[in-house]
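Tertiary structure, described
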Amino acid sequence: MNQKENPMSEVTIPTINFKARAMELLPEGASFEACLTCGLCSSGCPASGLENMDPRKFIRMAMLGMDKELSTTPWVWLCTQCKRCQHVCPMNIDISQLVFLARGNWPEEKKPAGIVRSCQLARATDSTSAMGLPPQDFVFVVEDVLAEVQETQPAFKDMVAPMDRAGAYFFVNQNSREPMSEPDEMVPLWKIFHLVGADWTYSSKGWAAENFCMFSGDEAAWYEVVKKRVDAVNALGCKVWLNTECGHSYYTMWNGIQRFGLEANFQLENLVTCYARWIREGKLPVNANWNSTGIKFTVQDPCQIIRKAYGDSLAEDMRFVVRSLVGDENFIDMQPNRSANYCCGGGGGFLQAGMTEHRRAYGKRKFDQIQATGATYVLTPCHNCHSQMEDIGHHYGGNYQVVHFWTLICLSLGILGENERTYLGPDLASLGL
Amino acid sequence: MNDRVENTMIQEARHFETDLAVIGSGLAGFAASTFALNRGIRTAQAGNTGAVAYTTGYLDLLGRVHNEDVCPVTDPWQGLRQLRQSQPLHPMARVSEDDLRAAFREFTSFISDCGIIYNAPGQFNATALTPAGTLKPTLCVPATMQAGVDALARKARCVIVDFKGLRGFSARQVVANLKDTWPELRAERVLFPEMETGEIYPEVMARALEVPAHRQALAERIRAVVGDAEVIGVPAVLGMHNPDLVMAEMMRLLGRPIFEIPTMPPSVPGIRLREMFEQVFPQKGLVLIPQQKVDKVVFNADDLQLSLSDNFGPITIRAKAVILATGRFLSGGLTAAIDGIREPLLGLPVTQTASREDWYHLQYMDKRGHEIHRTGIEVDDKFRPLGENGQPVNDRLFAAGLILAHQDWIRGRCGAGVALASAYKAVEAVQELLR
């Protein structure tokens, strides 16, 4: 980050005693001193080398008491806290919690403004929307889009998008990007709910998915946002908080509820799990017949829901869904994958942090992974992954599209509307219309 | 088998029912699971990241019978006969030659089928190159390293190419150590495409070479320095997921054989193996819970239960038999404290020196090796760990790999031999128990 451009650059970053704090954070019996300096962490980290730092260096510097350097290195904003370093570490050392600590230690004025602003906006309204969309606007957009679909797509004239319906089974959250800038992208998911007969509702409060307060290292703000969401679900008495195709929204909620000891009278579930279940139960009769030309697909495992939360069980569900949608022979896994997958570089607030050059350098490894598959489409249930993979695709000259699951599900079912095809390439833009 | 519960805020344990549980994800653990899968035994494997990512990729059977031997073993099968005479307690002394051959054949054929081609075990050790340019005896090498063994044997005109920014591998060092016996060897350094500055890692280079455009670019740079070399040696970076394809493509682009030399850890051949197993095992129906240490094992009359947890919460595995393949100090299978060495998971007795003072000789490189390397747990011929009374601790408990006492895999160059032999016999005993 270029600190010269920061008008508040006279504010200094306090120095943390990393070694002492690390010792406090560790579970009993664990030790950062167990680090063998083998370098598996750095070797497997896309942020290695950026700002002349890598995970191994970070841990060694902490052990050597180089607190001032670590307290001020901008690298903590280039590490996405994806936890791959811990995943491959024979000693299971968690470096990301030190990065979280360091982020929180930066004065607000010095943190990347985009992350701070996204957190502030989330706290500014009852929506908890990082784009600042207030409840009444969200309600309006949903009603407006729904009315248009009911009118223009006769097959969905009875479709609903309930708001604040107490006692609904699913409380469905929503990434702000759709109601803010591409409202038609909400429709495919509604159609899926309509088709399977899901008992669901949106809420005018606490409906938003994204939560950049965690990425800003601001624990109090993270708590505040999660608390508002938990209260909203509890208030409606829903059984399940159903997380949309968004990675970190799940992690911040799931981890936050445990971390802050919140009383959540509901279960958390991921859309991918539901897609898989509905396909298995025959409620979503998808097939790959539409893919008669053998278009190849790969899938991106979002760190926040696979490695950092559910683990490989959700990764398996995801593959089941993709294979059902595109045909076994048309699915090519990225290498490595599942819990060992690389972060794309869109997480951790990187997309919002304004450090474009670094973010693209980080994303080069993801780009290569995608190129190695030869696939022309990437599916991912995460908005940050989605944006980052699109951006690096354009930047490095890739020849692939990134699509949401809901797009492909509706495409396969022949119910994808004309305005719901933003992310399809020319080869699929008019298929089934 | 996998009856996953819904993901709730109330953490419910995920529970797996299986026949065999394997604890450990090093070579012995992966081998045990391989043998079990091939025998149709329902298996679950857990255990944190083993040292597999540190391996050279060579599978050694036996390189030295006695630590002090000056010459390495040429015929490892002959060596094993000597080992049986002189070290009857060595884990490999409990395994017949036929079984050992079968274990190596089965394991190398499994990993070859899964996409990392290895040569089948032969009668003699190959002489293979190390990252330092020294030589070591080994039985099986990955196909990507075979041309190096052949080139060394016939002292072919060869260029070793390394990369600016890659630590832990120096072509000049390799050449300097071999030049006396291999005059037609020379060193070159090139810039790896798109990684021209800063520290670079073999893992990253290997993954980059999975992309055709990067292979083209690298081949161009190597072509510029190849001269009249008949064969090209590079550090082990020829792909991660498709090494044999990457090697073949590089050969095609360069018009001559190319081979890999292992690098210092973290090394690609080990990461290749780990990622391959992690991918293939679940596809073959094995329940794999990678990267997590088992916290507790409780034996019941008819079965046993393992407890562990991952990011998402607690997990239990109920099985009929368990193979302990938790490795040595690095992997946590053994722990050393001021008052002695322990096996921390089950509290099994550990055979060790009377005093801590006897763990090491004064010189690190002492040719006799160090006594601490021979510490470990005792087993019977079925590879069941023994208690203080010399009797099996439990009929359902087996052990495999380097946790076993009476072997010094470092000086003996027998790491894979101990792992495969013990895993093979332990799985055979499990099969008998389950019958």
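Residues numbered from 1 in each chain as written. Chains lettered and ligands numbered in written order. Predicted model: local features only at pLDDT ≥ 70, side-chain atom pairs only at ≥ 80, totals over all residues. Heavy atoms only, no water.

Some remarks on the packing of helix H13 (residues 271-280) of chain A against helix H15 (residues 312-326) of chain A
Residues and elements named next belong to chain A. So the rule is basically this: Under this scheme, a helix contributes an axis fitted over its contacting stretch, all axes are lines through C-alpha atoms, and angles between N-to-C directions fall in the 0 to 180 degree range. Starting at the N terminus, helices and strands are each numbered in turn, a helix being any DSSP run of H or I of at least four residues and a strand any DSSP run of E of at least two. By definition in this entry, angles of less than 35 degrees are roughly parallel, angles greater than 145 are roughly antiparallel, angles of 65 to 115 are roughly perpendicular, and the rest are oblique. Rotating anticlockwise by less than a right angle from the far helix to the near helix defines a left-handed crossing, while the corresponding clockwise rotation defines a right-handed one. Contact definition: two residues touch when any of their heavy atoms are within 4.5 Å. Just so you know the grouping, Ala, Val, Leu, Ile, Met, Phe, Trp, Tyr, Cys and Pro go in nonpolar, Asp, Glu, Lys and Arg go in charged, and all remaining residues, Gly too, go in polar.
At a closest axis distance of 9 Å, the pairing of H13 and H15 adopts a crossing angle of 50°. Between H13 and H15, the angle is such that the two are oblique. Judged by the twist between their axes, the crossing of H13 over H15 is left-handed. Of the residues in H15, those in contact with Val-272, Thr-273, Tyr-275, Ala-276, Ile-279 and Arg-280 of H13 are Leu-314, Asp-317, Met-318, Phe-320, Val-321 and Ser-324. Classifying every residue of the contact of H13 with H15 gives eight nonpolar, two polar and two charged.

Quick look at helix H11 (residues 415-434) of chain B
Short version of the rule: By this rule, a helix spans an expected 1.5 Å times one less than how many residues it contains. Each residue is assigned to one of three classes by its accessible area relative to the maximum for its type, calculated with a 1.4 Å probe on protein chains only: buried under 20%, partly exposed between the two thresholds, exposed over 50%.
Across its 20 residues, H11 of chain B extends 28 Å between first and last C-alpha, which sits within 8% of the 28 Å expected from 1.5 Å per residue. Summarising burial for H11 of chain B: 15 of the 20 residues are buried, a large majority.

Some remarks on the pattern of salt bridges
Here is the rule we go by: A pair is scored as a salt bridge if a Lys or Arg side-chain nitrogen falls within 4 Å of a carboxyl oxygen belonging to Asp or Glu.
This structure, assessed with the given rule, holds 52 salt bridges over all chains. Among the ionic pairs, Asp-60 of chain B bridges to Lys-136 of chain B, the shortest N-O distance being 2.6 Å. On the criterion of sequence distance, the pair formed by Asp-60 of chain B in the loop between strand E3 (43-49) and helix H2 (76-86) and Lys-136 of chain B in strand E5 (residues 135-138) is long-range, its members being 76 residues apart. Lys-136 of chain B matches Asp-60 of chain B in its accessibility class, with the two residues each being buried. Put simply, Asp-380 of chain B and Arg-384 of chain B hold a salt bridge, and the shortest N to O gap is 2.9 Å. By relative accessible area, which is 14% here, Asp-380 of chain B ends up buried. Assessed through its relative accessible area of 17%, Arg-384 of chain B is described here as buried. Shared partners join several salt bridges into a network, and the residues in it are Asp-301, Glu-316, Arg-319, Asp-333 and Arg-338 of chain A.

Some thoughts on the domain arrangement of chain B
Residues and elements named next belong to chain B. Put simply, the test is: Where each domain begins and ends is defined by an automated method or by a domain database. A quick way to say it: buried area is the sum, across both parts, of accessible area lost when two parts are put together, with a 1.4 Å probe.
Domain annotation for chain B reports domain 1 (14-113 + 271-434) and domain 2 (131-261). Between domain 1 and domain 2, the C-alpha centre-to-centre distance is 32 Å. Opposite the 18 residues of domain 1 that make contact, domain 2 presents 18 residues. With both sides pooled, the region where domain 1 packs onto domain 2 buries about 1400 Å², and carbon together with sulfur makes up 61% of that total. Looking at the side of domain 1 facing domain 2, the largest losses of area belong to Tyr-58, Ile-271 and Arg-272, adding up to 45% of the total buried there. For the interface between domain 1 and domain 2, the tally reads three salt bridges. We note a salt bridge from Glu-275 to Arg-207, for which the minimum N-O separation is 2.7 Å.

Topic: the interface of chain B and chain A
A common way to state how big an interface is: give the accessible area lost once the parts meet. We apply this condition: Any pair of N or O atoms that falls within 3.5 Å is considered a polar contact. Within protein, one atom must be able to donate a hydrogen and the other to accept it, and sequence-neighbouring residues count only if both atoms are side-chain atoms.
The interface is formed by 33 residues belonging to chain B together with 45 residues belonging to chain A. Taken together, the two surfaces of chain B and chain A that pack against each other cover about 3300 Å², and 50% of this comes from carbon and sulfur. Along the contact surface separating chain B from chain A lie four salt bridges. Note that Glu-203 of chain B is salt-bridged to Arg-84 of chain A, the shortest N-O span being 3.8 Å. If you look at where chain B meets chain A, you find 11 residue pairs in polar contact (both at pLDDT 80 or more). When its residues are assigned to classes, the side of chain B that touches chain A shows 13 nonpolar, 10 polar and 10 charged.

Some words on the packing of helix H10 (residues 187-196) of chain A against helix H19 (residues 405-412) of chain A
All names here are of chain A. Following both chains from N to C, one finds H10 and H19 inclined at 55°, their axes separated by 8 Å at the closest point. As the angle between them shows, H10 and H19 are arranged oblique. In the crossing of H10 with H19, the sense of the turn from one axis to the other is left-handed. Residues Pro-188, Leu-189, Lys-191 and Ile-192 of H10 pack against Trp-406, Ile-409 and Cys-410 of H19.

Section: the state of the cysteines
Covalently bonding the sulfur atom of one cysteine to the sulfur atom of another cysteine gives a disulfide. To be explicit about the condition: Disulfide assignment relies on a single distance test, namely cysteine sulfur atoms paired within 2.5 Å.
One pass over the full model with this rule turns up one disulfide over all chains. Disulfide pairing is shown between Cys-119 of chain A and Cys-213 of chain A; the S-S distance is 2.1 Å. Because the torsion about its S-S bond is 100°, the bridge between Cys-119 of chain A and Cys-213 of chain A counts as right-handed. In this pair, Cys-119 of chain A is assigned in helix H7 (residues 113-124) and Cys-213 of chain A in the loop between strand E2 (200-201) and helix H11 (219-236), connecting sequence segments 94 residues apart. Residue classification places Cys-119 of chain A among the buried residues on the basis of a relative accessible area of 3%. Here Cys-71 of chain B stays free of any disulfide, with the sulfur of Cys-414 of chain B as its closest cysteine sulfur at 18 Å.

So, the confidence of the model for chain B
What counts is decided by this rule: Per-residue confidence from the predictor is reported as pLDDT, which spans 0 to 100.
When pLDDT is averaged along chain B, the result is 94, and 97% of the positions lie at 70 or above. Taken together, the stretch residues 1-8 of chain B has pLDDT below 50 and engages in 24 contacts with residues farther than four places along the chain or on a different chain.

What to know about the domain arrangement of chain A
All names here are of chain A. Once the domains are mapped, chain A shows domain 1 (3-111), domain 2 (114-275) and domain 3 (278-420). Between the C-alpha centres of domain 1 and domain 3 there is a distance of 29 Å. Across the contact, 16 residues belong to domain 1 and 18 residues belong to domain 3. Between domain 1 and domain 3, a total of about 1500 Å² is buried, with carbon and sulfur atoms accounting for 61% of that surface. Looking at the side of domain 1 facing domain 3, the largest losses of area belong to Pro-46, Thr-80 and Arg-84, adding up to 39% of the total buried there. Linking domain 1 with domain 3 are zero salt bridges, by the criterion used here.

Concerning the pairing of strand E13 (residues 313-319) of chain B
All names here are of chain B. Put simply, the rule reads: If DSSP finds at least two bridges between two strands, the strands pair.
With five of seven residues buried, E13 lies mostly within the body of the structure. Bridging between strand E1 (residues 14-17) and E13 involves four bridges; their strand directions are parallel. The residue bridging Glu-17 from the neighbouring strand is Arg-318, located in E13. Inspection of the sheet shows strand E12 (residues 304-310) paired to E13 by seven bridges, in the antiparallel sense. Its bridge partner being in E13, Gln-305 is matched across the sheet by Arg-318.

Quick look at the sheet that holds E13 of chain B
All names here are of chain B. Taken in spatial order, the four strands line up as E1-E13-E12-E11 in an open sheet, and their pairing is mixed. At either end of the open sheet lies a strand with only one pairing partner, and these are E1 and strand E11 (294-299). Averaged over all neighbouring strand pairs, the angle between strand axes comes to 20°, with direction disregarded.

Re helix H8 (residues 243-254) of chain B
Every α-helical turn comprises 3.6 residues, leaving residues that sit three or four positions apart pointing alike. Residues and elements named next belong to chain B. Between its first and last C-alpha atoms H8 spans 16 Å; for 12 residues at 1.5 Å apiece the expected length is 16 Å, and the two agree. Turning to H8, its buried residues number three or more, namely Pro-243, Asp-244, Val-246, Met-247, Met-250, Leu-253 and Leu-254. Backbone geometry just after H8 places Gly-255 at a positive phi near 70°.

Some thoughts on the sheet that holds strand E7 (residues 185-190) of chain B
Residue and element names in this part refer to chain B. Here we have four strands laid out as an open sheet, ordered E7-E6-E8-E9, and parallel in their pairing. The outermost strands of the open sheet, each flanked by one partner alone, are E7 and strand E9 (258-261). Along the sheet, successive strands turn relative to each other by an average axial angle of 30°, direction set aside. Sheet topology note: the strand E8 (residues 231-235)/E9 ladder contains four bridges and is parallel. Within E9, the position partnered with Val-234 by the bridge is Glu-260.

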